[in-house]
Amino acid sequence: MMNYFKKKCEVLEWFYHWIDQGQSYDNAFSQVMCYLNREYEIDNIIIPVVIGERLSRNYKPISNDNALQIKNAVLKFDEINKEILDFSQDDIEAFCSDVEETRVLIDYLFKTNK
């Protein structure tokens, strides 16, 4: 069984590592997307969602390219069958909550960028 909380901590650890190295939030996002190992297909959704959730909480600017990556991850999440996720119920609830926070960011970004 996968552990969403463990994966989220790993993503945030790498993300803040890049921030601590002096990178902007936007560059840190790009670095994590580039270098963090993706063991499972779901990681392609988890990584941008976790960072998107963090960006939405901190009101940090993000490039259009990175916003589009996050938006695509949310759209992929909407398409998957949640019943096949190998997560505990707590993990699924946390993942869904993070997706909803990320969705608010994406809705805002794409409404204001028109």
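The following paragraphs examine the structure supplied in this document. (Residues numbered from 1 in each chain as written. Predicted model: local features only at pLDDT ≥ 70, side-chain atom pairs only at ≥ 80, totals over all residues. Heavy atoms only, no water.)

### Examining the environment of A94
Inference 1: Note on placement: A94 falls in helix α5 (residues 89–112).
Inference 2: For A94, a relative accessible area of 16% gives the class buried.
Inference 3: Considered as a pair, A94 and A73 are 21 residues apart in the sequence and their alpha carbons are 16 Å apart.
Inference 4: Apart from the residues within four sequence positions on either side, A94 is in contact with Y4 and F5. (Helix = DSSP H or I, 4+ residues; strand = E, 2+ residues; numbered from the N terminus. Buried < 20%, exposed > 50% of the residue type's maximum accessible area, 1.4 Å probe, protein only. Contact = heavy atoms within 4.5 Å.)

### What about the pattern of salt bridges?
Inference 1: Overall, the coordinates contain 10 salt bridges when judged by the stated rule.
Inference 2: Ionic pairing is found between R54 and E53, a salt bridge with its closest N-O pair at 3.5 Å.
Inference 3: When its relative accessible area of 18% is taken as the criterion, R54 is described as buried.
Inference 4: Between D78 and R103 there is a salt bridge, and its shortest N-O distance comes to 2.8 Å. (Salt bridge = Lys/Arg side-chain N within 4 Å of Asp/Glu carboxyl O.)

### So, the packing of helix α3 (residues 43–58) against helix α4 (residues 64–79)
Helix-helix packing is described using two parameters, namely the angle between the two axes and the distance between the axes.
Inference 1: Closest axis-to-axis distance for the α3/α4 pair is 8 Å, and the angle between their directions is 120 degrees. Considering the angle they form, α3 stands oblique to α4. The interaxial crossing formed by α3 with α4 has left-handed handedness. Contact residues: α3 offers N44, I45, P48, V49, G52 and L55, while α4 offers Q69, I70, A73, V74, K76 and F77.
Inference 2: In terms of residue class, the contact of α3 with α4 is built from 8 nonpolar, 3 polar and 1 charged. (Axes fitted to C-alpha atoms, helices over the stretch in contact; angles between N-to-C directions. Parallel < 35°, antiparallel > 145°, perpendicular 65-115°, else oblique. Left-handed = near helix turned anticlockwise from the far one by under 90°. Nonpolar A, V, L, I, M, F, W, Y, C, P; charged D, E, K, R; others polar.)

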